[in-house]
Amino acid sequence: MSAPSLPMYEVLTSQPPDLIGALRETIPSIGMLIDALEHQSDPAMRLSLLRQIGTEWHACGGLAEVLTELGLHLAARLPMSQGVVVSELLLAFGAAQEEQRTREWEARLVERADQLDGLHRIISAANSTLDLDTSLQTVVETVAHVMNVEVCSIYLYDKHRDDLVLRATHGLNRAAVGQVVARLGEGVTGWAAQLGYPVSVSDVYKDPRYHREPQLGEEIFRSMLAVPIVLFSAERFQFSADKLQGVITVQTIAPRDFTQEEISFVEMAAGELAFFIANAQLYQQTDERLHQKLRELTTLQQVSKSIAEQIGLHDVLSLIAEKAVDLSKVDRATIFQVGEDGNLKLVASYGGEGDGVRDLIIQTVRDGRPLAVMNAYQDARFPQLPEVARRENFHSLFCMPLRARGRTIGGICLYRREPHLFDYEQVRLLNTFADEAAIAIENARLYEESLRALRVKSALLKEMHHRVRNNLQTIAALLSMQLRRLDPASPGAKALRESAARIQAIAAIHNLLSRDDIGVTTVGAVARQVIENVQTPLIESDIRVEFAILGDEVRIGSRDATILALVINELIDNALTHGLAAEGGRIEVEAVLEQGQVLMEVRDDGPRHPPPPPRPSSGLGLQIIETLVKSDLDGSFNLIRDETAGWMRAQVRFPQRIIEDDRIDV
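Just so you know, these numbers come straight off a predicted model, no measurement behind them. (Residues numbered from 1 in each chain as written. Predicted model: local features only at pLDDT ≥ 70, side-chain atom pairs only at ≥ 80, totals over all residues. Heavy atoms only, no water.)

1. Re the overall build of the protein
Test applied: The way it works is that DSSP assigns letters per residue, a run of H or I at least four long becomes a helix, a run of E at least two long becomes a strand, and they are numbered from the N terminus. Relative accessibility decides the category of a residue: with a 1.4 Å probe and only protein chains considered, values under 20% of the type maximum give buried, values over 50% give exposed, and everything between is partly exposed. Between two residues, a contact is recorded if the distance between any of their heavy atoms is within 4.5 Å. Only the protein chains shown count as covering a residue, and every accessible area follows the Shrake-Rupley method with a 1.4 Å probe.
When its secondary structure is counted, the protein shows 18 helices and 18 strands. Buried residues in the protein amount to 44% of all 666 residues. In the protein, the proportion of contacts linking residues at least 24 apart, taken out of those at least 6 apart, comes to 63%. Here the protein has roughly 35000 Å² of accessible surface; of this, 52% comes from carbon and sulfur atoms.

Quick look at the structure:
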């Protein structure tokens, strides 16, 4: 039922004669209660009807002054006291008024609780994850529910493009997320972003600022509220574009005037959202930087490994130039090296040719620090550079010194065809790469110098062995000449023969070392040389002796080879003198390597043959063998007579020392 208008009350108040009649016509519900009151004689029922009239009067929006005047009229028509009638009417009117206020406060409290709950959910969504898109979607759904609107959307501000990008929506086409872009100052959304304060439009079709986006499907929505998401600092009310994070919008199908409380709620939601967006963006930027750093360090490690695997100087330089291009994302790289004469020369390039930047490299090497040129055509420091840039097709340039072991050995230049600023992080990465590259270049240079020195020393060592062999053979020849003047059966002749044989054995080893690897030979090769010397005098005798060399190719150093030659010579001489002197036989030399120990066995089948005529022996040969094996080879010697197999076995065991003792210092 509609309430009477205020002008009518004013008229009735000023013209009271027919107030009750007028009320019967304008407010039928009041008229019916008055009729019931007039026909009621029970005092309690009359009081109840008076209270109902007061309550209904408040429900119809009547004024308390007019109600008082009505009470006076009713008291005159009823046999009741004016005070009782007026007080009952006003008490009921006041009770209804208080009840309405209570309901309004309850509604406001419920609405406020919903808003607080919504803010709590927004804050929880912001703190529960750093996934920006997921949290934004939760926020738009929460705001739409709390405000009882059909649409809520969030646009984020892209500082690089200077526009707003749709990132989350509830009620519009979600396929448009990430696709719809609004410029600052364009549409209601862009207008709020540009102004920095809320923009409320009750009917967008009547507002010239409204811009409809076809992709969103928003044709049916009439009202709109756009609130900027601003990251306020201490200067809260000083809005600037660098504080803008985005815009949050709500829309309804029916025209709607958004209340100040609704606008304040969206502003509070936007304030919470601003901090979350800023933190999430910082996290994403930090995470991206960390991943980028990890990728760069992984690439640097792989590049360093690849460079370290190369030992040839030319290969190292070429690989460094190639990897420098890959690591720094440039178009070309050149490497300059300081020569022995102190001049710079181009030694490697990748991605193109040209050494027109030699003066810049000279400055880089002289100063010992990087040199960057962002625009080669406009850098006033180098007037000749534009011509070089045009000729070699580059725009930006970055030069780094290559330092190793405290000195600058050259420089590396990186070229870009487009303008490029090498930032702090990239410079740090490239400096680390340059240090690794410089060490690799220096190691490769030292390796090549070592190879040259090794070749020289190899030639000198071979010449030395050759001359020692010639001198020993000369001494052996002199002993042989002296031997011809002595009785072959005399002790002096025997001593000269043994000495000559020993000298020939040593000479044979020097002959072997002058042809083989420097300072390295094998047990088999040593035995073969000794046997060749021993077989020469046997050709003139009737004794037939077979020789065999068995086992592995066990490598030994030159020092051990000389000692071992004397040992083998004495063992074979001992076998020929005592075991095989009567009718000959077989002598075998076998060598194997067991856990770093050289095991050599010289055996003869003397026990299978008749013993030779007894002859005097001083035991000097065995004494020489034991001394050489134990003192010089740091080994052990055993002489075993194997009657079962029919062999006399002489076993020598000593450590393989080719690595420790025969390393060449280069």
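2. A few points about the packing of aromatic side chains
Note the threshold: Centre distance within 6.5 Å is the pairing criterion for rings of Phe, Tyr and Trp, where only the six-membered ring of Trp is used; planes under 30 degrees apart are then read as stacked, over 60 as edge-to-face, and the remainder as tilted. Charge-over-ring contacts are defined here by two conditions on Lys NZ or Arg CZ: a distance within 6 Å of the ring centre and an angle within 35 degrees of the ring normal.
Counting across every chain of the model gives three aromatic pairs. Taking 5.8 Å as the distance between ring centres and 65° as the angle between the ring planes, the aromatic pair formed by Tyr205 and Tyr210 counts as edge-to-face. Geometrically, the ring pair formed by Phe394 and Tyr415 is edge-to-face, given 5.1 Å between the ring centres and 65° between the ring planes. Placement of Phe394 in the loop between helix H12 (385-392) and strand E10 (396-404) and of Tyr415 in strand E11 (residues 407-416) is noted, with a sequence separation of 21 residues between them. Side by side, Phe394 and Tyr415 carry an identical accessibility label, which is buried. Taking NZ or CZ as reference, Arg332 lies 3.8 Å from the ring centre of Tyr415, over its face. Across from the ring centre of Trp647, 5.9 Å away, lies the NZ or CZ of Arg603, which sits over that ring.

3. Considerations on empty space enclosed by the protein
This is how it is decided: Buried and open spaces are told apart on a 1 Å grid over the protein atoms alone, a cavity being a set of points where a 1.4 Å probe fits but cannot get out and a pocket being an open set with protein on both sides within 12 Å along at least five of seven lines. Residues with an atom within 4 Å of a point are the lining residues. Grid points are joined across faces, edges and corners, and a volume is the space filled by probe spheres set on the points.
Enumeration over the complete set of coordinates arrives at one cavity of 30 Å³ or more. For the largest cavity, the calculated volume is near 30 Å³.

4. As for the nonpolar core
The cut-off we apply is this: The definition of a nonpolar core used throughout is a set of buried Ala, Val, Leu, Ile, Met, Phe, Trp, Tyr and Cys residues joined through side-chain atoms within 4.5 Å.
Formed by 36 residues in total, the largest nonpolar core has its most connected members in Ile572 and Ile587. Within the residue set of this core, elements represented by two or more residues are helix H15 (523-538), strand E13 (545-551), helix H16 (558-579), strand E15 (585-594), strand E16 (597-604), helix H17 (620-632) and strand E18 (647-655). Per element, the largest residue contribution to this core is 11 residues, and it comes from H16. Once residues lying within four places of it in the same chain are set aside, the contact partners of Ile587 are Val545, Glu546, Phe547, Ala548, Ile572, Ala575, Leu576, Leu580, Val602, Arg603 and Asp604. In this structure, Leu300, Met400, Ala404 and Ile409 belong to the second largest nonpolar core, which totals 34 residues.

5. Considering the sheet that holds strand E5 (residues 223-230)
Note the following rule: For two strands to be treated as a pair, DSSP must find at least two bridges joining them. Axis definition: a line fitted to C-alpha atoms, over the contacting stretch in the case of helices. Angles run 0 to 180 degrees between N-to-C directions.
Reading across from one edge, E3-E2-E1-E6-E5-E4 is the order of the six strands in this open sheet, with antiparallel pairing throughout. Looking along the sheet, the strands with just one partner apiece sit at the ends: strand E3 (181-183) and strand E4 (199-201). In this sheet, adjacent strand axes meet at a mean angle of 25° when their direction is disregarded. Helix H7 (residues 132-147) rests against strand E1 (151-158), strand E2 (163-170) and strand E6 (244-252) of the sheet, and its axis sits at about 65° to E2. Packing of helix H8 (residues 187-195) onto the sheet brings it into contact with E1, E2, E3, E4, E5 and E6, and relative to E5 it is tilted by some 35°.

6. A short note on the layout of surface pockets
Gaps between atoms show up when a probe of the same size as a water molecule is rolled over them. Short version of the rule: Under the convention adopted here, Pro, Cys and the residues Ala, Val, Leu, Ile, Met, Phe, Trp and Tyr are nonpolar, Asp, Glu, Lys and Arg are charged, and Gly plus all remaining residues are polar.
Space inside the second largest pocket adds up to approximately 470 Å³. As for the second largest pocket, its lining consists of 17 residues, of which Tyr157, Asp158, Lys159, Gln281 and Gln285 are closest to the centre. Of all the secondary structure elements, the ones that give two or more residues to the lining of the second largest pocket are E1, E2 and helix H9 (260-308). In terms of residue class, the lining of the second largest pocket is built from seven nonpolar, five polar and five charged.

7. With respect to the side chain of His420
Structurally, the position occupied by His420 is in the loop between E11 and helix H13 (424-483). Given a relative accessible area of 19%, His420 falls into the buried group. Setting aside residues up to four positions removed in sequence, His420 forms contacts with Met374, Ser396 and Gln426.

8. Quick word on the pairing of E15
Bridging between E13 and E15 involves seven bridges; their strand directions are parallel. Residue Gly551 lies in a different strand from E15, and its bridge partner there is Ala591. Both E15 and E16 contribute to a ladder of eight bridges, which runs antiparallel. Among the inter-strand pairings, Leu593 is bridged to a residue of E16, identified as Val598. Where E15 hands over to E16, the hairpin turn is made up of two residues, of which Gln595 adopts a positive phi near 50°.

9. Some thoughts on the state of the cysteines
Keep this limit in mind: Pairs of cysteine sulfur atoms within 2.5 Å are identified as disulfides in what follows.
Taken as a whole, this structure holds one disulfide when the rule is applied. The partner cysteine of Cys399 in its disulfide is Cys413, sulfur to sulfur 2.5 Å. Across the S-S bond linking Cys399 and Cys413, the dihedral sits near 40°, which makes this disulfide right-handed. Here Cys399, found in strand E10, pairs with Cys413, found in strand E11; they are 14 residues apart in sequence, far enough to count as distant. Residue Cys399 shares its accessibility class with Cys413, and that shared class is buried.

10. Section: the packing of helix H2 (residues 19-26) against helix H5 (residues 64-77)
Stated precisely, the cut-off is as follows: Roughly parallel refers to an angle under 35 degrees, roughly antiparallel to one over 145, roughly perpendicular to one between 65 and 115, and oblique to any angle outside these ranges.
The contact between H2 and H5 brings their axes to 10 Å, and the two run at 115°. It follows from the interaxial angle that H2 and H5 lie roughly perpendicular. Contacts between H2 and H5 involve Leu19, Ile20, Leu23 and Arg24 from the first element and Glu69, Leu70, His73, Leu74 and Arg77 from the second. Grouping the amino acids of the contact of H2 with H5 by side-chain chemistry returns five nonpolar, one polar and three charged.

11. Observations concerning the sheet that holds E16
A sheet is described by the order of its strands in space; here five strands give the open sequence E13-E15-E16-E18-E17, paired in mixed fashion. Each edge of the open sheet carries a strand with a single partner, namely E13 and strand E17 (636-642). With strand direction ignored, the average angle separating the axes of adjacent strands in the sheet is 15°. Of the strand pairs in this sheet, E16 and E18 are connected by eight bridges, and their pairing is antiparallel. In the sheet register, Asp604 faces E18, and the bridge partner there is Met648.

12. Some words on the confidence of the model for the protein
To be explicit about the condition: Confidence of the predictor at the level of single residues is captured by pLDDT, which takes values from 0 to 100.
The pLDDT averaged across the protein works out to 79; a share of 81% of its residues lies at or above 70. Here residues 233-239 scores under 50 on pLDDT; set against residues more than four positions off or in separate chains, the count is 10 contacts. This model gives residues 659-666 a pLDDT under 50, and the stretch forms 13 contacts once residues within four places in sequence are excluded.

13. Re the pattern of salt bridges
Filter applied, for reference: The rule for a salt bridge is simple: a side-chain nitrogen of Lys or Arg has to be within 4 Å of a carboxyl oxygen of Asp or Glu.
Counted under the stated rule, the structure contains 32 salt bridges. The partner of Arg417 in a salt bridge is Asp331, and the shortest N-O contact between them spans 3.4 Å. Of the two residues, Arg417 is situated in the loop between E11 and H13 and Asp331 in the loop between helix H10 (313-328) and strand E7 (332-338); the sequence distance between them amounts to 86 residues. Put simply, Arg603 and Glu590 hold a salt bridge, and the shortest N to O gap is 2.8 Å. In this pair, Arg603 sits in strand E16 while Glu590 sits in strand E15, placing the two residues 13 residues apart along the sequence. When salt bridges that share partners are traced, they join Glu546, Arg586, Glu588, Glu590, Glu601, Arg603, Asp642 and Arg649 into one network.

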